[in-house]
Amino acid sequence: MSACGRVAIVGAGWAGLACATELTAADTPVTVFEASRQLGGRARSVELDGHTLDNGQHLLVGAYRETLRLMRRVGAEPASTVQRTPLRLDYPGTFRLELPELPAPWHLAIGLFTATGASLREKLSAALFMQRLKRQHYRLDRDTTVAAWLDAHRQTGILRRFLWEPLCLAALNTSPAQASAQIFANVLRDSLGGSRDATDLLLQQCDLGQIFPAQAAHFIADRGGEFRLSTRIGEIHRQGNGWLIGDEHFEQVVLAVAPQHLAPLLASRPAHAALLQMVAGYAYEPIATAYLAYPETVRLPFPMLGLPGPLGQWVFDRHDMGNAGIMAFVLSADGDWDKLEDDQLAPKLHAELEAAIGPLPAPRWQRTIRERRATFSCRPDLPRPGAATAERGLWLAGDYTYGDYPATLEGAVRSGIVAAQGVLGES
Ligand SMILES: Cc1cc2nc3c(=O)[nH]c(=O)nc-3n(C[C@H](O)[C@H](O)[C@H](O)COP(=O)(O)OP(=O)(O)OC[C@H]3O[C@@H](n4cnc5c(N)ncnc54)[C@H](O)[C@@H]3O)c2cc1C
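Residues numbered from 1 in each chain as written. Predicted model: local features only at pLDDT ≥ 70, side-chain atom pairs only at ≥ 80, totals over all residues.

A.B. asks: Which residues make up the overall build of the protein chain, and what are the values?
C.D. replies: Across its full length, the protein chain holds 14 helices and 20 strands. Over its C-alpha atoms the protein chain spans a radius of gyration of 22 Å, differing by no more than 12% from the 22 Å that the globule rule assigns to 427 residues. Overall, the C-alpha framework of the protein chain stretches about 65 × 50 × 40 Å when taken along its three principal axes. Evaluated residue by residue, the protein chain yields a buried proportion of 48% over its 427 residues. The long-range share in the protein chain, meaning contacts at least 24 apart out of those at least 6 apart in sequence, stands at 73%. (Helix = DSSP H or I, 4+ residues; strand = E, 2+ residues; numbered from the N terminus. Rg over C-alpha atoms; globule rule 2.2 N^0.38 Å. Buried ≥ 20, exposed ≤ 12 C-beta atoms within 10 Å, placed from the backbone. Contact = placed C-beta atoms within 7 Å.)

Printed below as a string of structure tokens:
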């Protein structure tokens with residue numbers, strides 16, 4: 001048993017669960033408080049019309065090393081929860097890039113030069129752009145927007161439209177005109193600039209709850225951890241050297257909530273005024289997932305396809321997730337899609353998919369889940385807090401605290417690990 005007393009973790013998203021998993025693995029007892037009735041936060045399963053789906057379709061990639069490590073640790077074996085496949089960006093009839101199973105950097109070089117839909121000049125320019133970036137160790141002299149950065153490096157035309165901009169939108173959930181070029185460069189460093197397996201797509205084979213949250217909860221509970229669901233924590237108070245939550249004493253506390261949920265927990269503690277002011281300046285971006293349910297025999301030629309718009313961005317076939325016939329259309333960040341009601345949006349997405357792959361039967365039903373504050377808007381020079389706070393024994397976790405990455409599952413998981421290391425270091 002560790003020397004650490006019981007630790008409270010407020011929030012059972014992927015950050016809180018990663019933190020709880022790491023502490024549990026280090027024999028430190030945890031109690032996890034979660035406001036909602038279920039685990040997973042912004043990456044959770046939902047029941048819709050008798051189907052287990054997700055609050056938002058997610059994509060994991062091979063670069064999510066810490067997520068994969070924790071999945072293995074809790075027994076959610078990636079081999080059965082995600083399907084690893086070489087990166088393929090396929091906009092049927094328009095553009096296709098497929099990375100071959102060759103060691104880096106040949107996978108990228110050959111993938112880029114065999115891509116269809118872009119000119120040789122553009123491909124050369126993109127390869128040189130990646131090379132320059134690598135030479136400068138993915139560090140920009142100063143942060144700017146992705147759009148300005150791509151302009152400065154003459155990344156225009158088809159590869160900008162179907163490679164750089166969609167990657168930016170998918171990873172940062174912020175339009176290139178507003179997104180941080182430095183954070184995008186960090187993403188490129190660890191994906192396209194990393195080893196071959198880092199670029200792999202990890203396509204879900206089950207709902208999000210089964211990929212990590214459910215197994216993590218078993219792992220934690222089997223080793224003495226406690227979960228209090230449907231329990232929203234209000235202000236937290238000092239008690240001796242520790243903390244009081246409700247009427248329970250904890251030696252240390254990790255606040256693993258989204259940035260917009262910090263204020264009610266800390267408002268009465270002046271030491272955190274600067275932190276609250278920092279996160280009060282954050283803007284947020286939406287994501288919608290429109291589920292269109294076709295007859296069960298309908299399949300996409302590949303489980304993830306790009307749509308050239310004007311509305312659709314990506315569509316995922318949920319056949320392998322146990323939802324045969326259900327297509328999940330992902331619409332990231334602020335855009336025209338957000339001005340449409342659900343019943344206007346679905347027919348347009350259906351028409352865009354037909355334009356891409358040919359005639360389809362009419363969908364049997366459609367439902368759209370809109371997450372208004374899906375992620376913080378990842379802007380240039382955005383100030384980000386770390387795990388340590390102004391008070392001893394009080395830590396932060398959550399995607400926004402892992403400053404190297406945008407709001408992603410991997411960022412959330414890594415933030416939870418860093419917070420756990422802080423807790424263990426202090427005990
Ligand atoms: C629709 C959508 C699609 C996405 N797609 C991708 C993707 O494809 N790939 C990817 O990597 N990332 C994606 N993301 C981002 C990713 O889901 C998030 O970065 C990640 O889930 C954030 O986890 P977190 O633990 O930091 O925060 P959260 O998930 O927000 O967890 C915080 C938890 O704290 C709880 N809480 C808040 N206040 C209190 C309180 N006072 N007391 C108790 N509990 C409280 C909340 O209920 C919540 O469960 C997507 C996000 C959304 C919404």
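A.B. asks: Break down the domain arrangement of the protein chain for me, citing the residues and quoting the values.
C.D. replies: Domain boundaries assigned for the protein chain yield domain 1 (7–51 + 61–71 + 206–282 + 381–426), domain 2 (87–199) and domain 3 (284–376). Centre-to-centre separation of domain 1 and domain 2, based on C-alpha positions: 32 Å. Each partner contributes residues to the interface: domain 1 has 10 residues there, and domain 2 has 14 residues. Grouping the constituent residues of the side of domain 1 that touches domain 2 by class yields six nonpolar, two polar and two charged. (Domains from an automatic or database assignment. Nonpolar A, V, L, I, M, F, W, Y, C, P; charged D, E, K, R; others polar.)

A.B. asks: So, helix H10 (residues 213–222): which residues are in play, and what are the values?
C.D. replies: Taken across its 10 residues, H10 has seven buried, putting it largely inside the fold. Looking at the buried residues of H10, the elements they touch are helix H1 (14–25), strand E2 (30–33), helix H2 (65–74), helix H9 (208–211) and strand E10 (226–228). Just beyond H10, the residue with positive phi is glycine 224, at close to 95°.

A.B. asks: Tell me what's going on with the nonpolar core, and back it up with residues and numbers.
C.D. replies: Generally speaking, nonpolar side chains in soluble globular proteins are found buried as a group. Formed by 103 residues in total, the largest nonpolar core has its most connected members in Ile9, Val10, Cys19, Val253, Val254 and Ala419. Among the elements that line this core, the one with the most residues is helix H7 (residues 157–172), at nine residues. Two domains each put at least three residues into this core: domain 1 (7–51 + 61–71 + 206–282 + 381–426) and domain 2 (87–199). Residue contacts for isoleucine 9: discarding those within four places in its chain leaves Gly16, Cys19, Ala20, Val30, Val32, Val254 and Ala256. Judged by nonpolar contacts, the second largest core, of 26 residues, contains Ala290, Ala293, Leu307 and Val330. (Core = buried A, V, L, I, M, F, W, Y, C linked by C-beta atoms within 7 Å.)

A.B. asks: Residue-level account of the UniProt feature "domain: Amine oxidase" (unreviewed entry) in the protein chain, with values.
C.D. replies: On the UniProt side, "domain: Amine oxidase" (unreviewed entry) is annotated at positions that read residues 15–424 here. Structurally, residues 15–424 comprises 34% helix and 21% strand, and the distance from its first C-alpha atom to its last is 16 Å. (UniProt positions renumbered as here; feature names shortened; annotations may be inferred.)

A.B. asks: Lay out the sheet that holds strand E13 (residues 248–250) with the relevant residues and their values.
C.D. replies: The three strands lie next to each other as E11-E12-E13, forming an open sheet whose pairing is antiparallel. Either end of the sheet is taken by a strand with one partner, and the two such strands are strand E11 (237–239) and E13. Each strand of the sheet is rotated relative to its neighbour by a mean of 40°, with strand direction disregarded. (Pairing = 2+ DSSP bridges. Axes fitted to C-alpha atoms, helices over the stretch in contact; angles between N-to-C directions.)

A.B. asks: Just give me the short version of the pairing of strand E18 (residues 326–332), but keep the residues and values in it.
C.D. replies: For E18, the buried fraction is high: seven of the seven residues fall into the buried class. Residues Ile326, Ala328, Val330 and Ser332 of E18 are buried on one face, and the alternating residues Met327, Phe329 and Leu331, pointing to the opposite face, are buried as well. The pairing of strand E15 (residues 284–293) with E18 spans seven bridges and is antiparallel. If you follow isoleucine 287 over to E18, its bridge partner there is serine 332. Bridge analysis of strand E17 (residues 314–317) against E18 gives four bridges, and the strand direction is antiparallel. In the sheet register, valine 315 faces E18, and the bridge partner there is phenylalanine 329.

A.B. asks: Go over unusual backbone geometry with me, naming the residues and quoting the values.
C.D. replies: With an omega of 0°, the peptide bond running from alanine 104 to proline 105 counts as cis. Within the secondary structure, proline 105 sits in the loop between strand E8 (95–98) and helix H4 (106–113). At the junction of glycine 309 and proline 310, the peptide bond is cis and its omega measures out at 10° in the coordinates. Considering the arrangement of structural elements, one finds proline 310 in the loop between strand E16 (304–306) and E17. Phi at aspartate 49 is positive, roughly 45°, even though this residue is not glycine. Mapping aspartate 49 onto the fold places it in the loop between strand E3 (45–48) and strand E4 (51–54). Under the C-beta neighbour-count criterion, aspartate 49 is labelled exposed, with 12 such atoms within 10 Å. Its identity as a non-glycine residue notwithstanding, asparagine 173 has a phi of 45°, on the positive side. On the basis of neighbour count, asparagine 173 is assigned to the buried category, with 23 C-beta atoms found within 10 Å.

A.B. asks: Outline the site of the ligand, listing residues and values.
C.D. replies: Near the ligand you find 37 residues, and of these Gly11, Gly13, Ala15, Gly41 and Gly56 are the closest. Sorting the residues of the shell around the ligand by element identifies H1, E15, strand E19 (365–376) and helix H14 (409–426) as the ones contributing at least two each. Looking at the shell around the ligand, its residues break down into 18 nonpolar, 13 polar and six charged. Counting residues domain by domain, the shell around the ligand receives three or more from each of domain 1 (7–51 + 61–71 + 206–282 + 381–426) and domain 3 (284–376). (Near = placed C-beta within 6 Å.)

A.B. asks: Go over the pairing of E15 with me, naming the residues and quoting the values.
C.D. replies: With eight of its 10 residues buried, E15 lies for the most part within the structure. Relative to E19, E15 is paired through nine bridges, and the arrangement is antiparallel. Bridge pairing in E19 places alanine 293 opposite tryptophan 365.

A.B. asks: Could you give an account of the sheet that holds E15, with specific residues and numbers?
C.D. replies: Reading across the sheet, the five strands line up as E16-E17-E18-E15-E19 and stay open at both edges, with antiparallel pairing between neighbours. Two strands close off the open sheet at either side, each with one partner strand: E16 and E19. Taking each pair of neighbouring strands and ignoring which way they run, the sheet shows an average axis angle of 20°. Strands E15, E16, E17, E18 and E19 of the sheet are contacted by helix H13 (residues 342–357), whose axis makes an angle of about 70° with E15.

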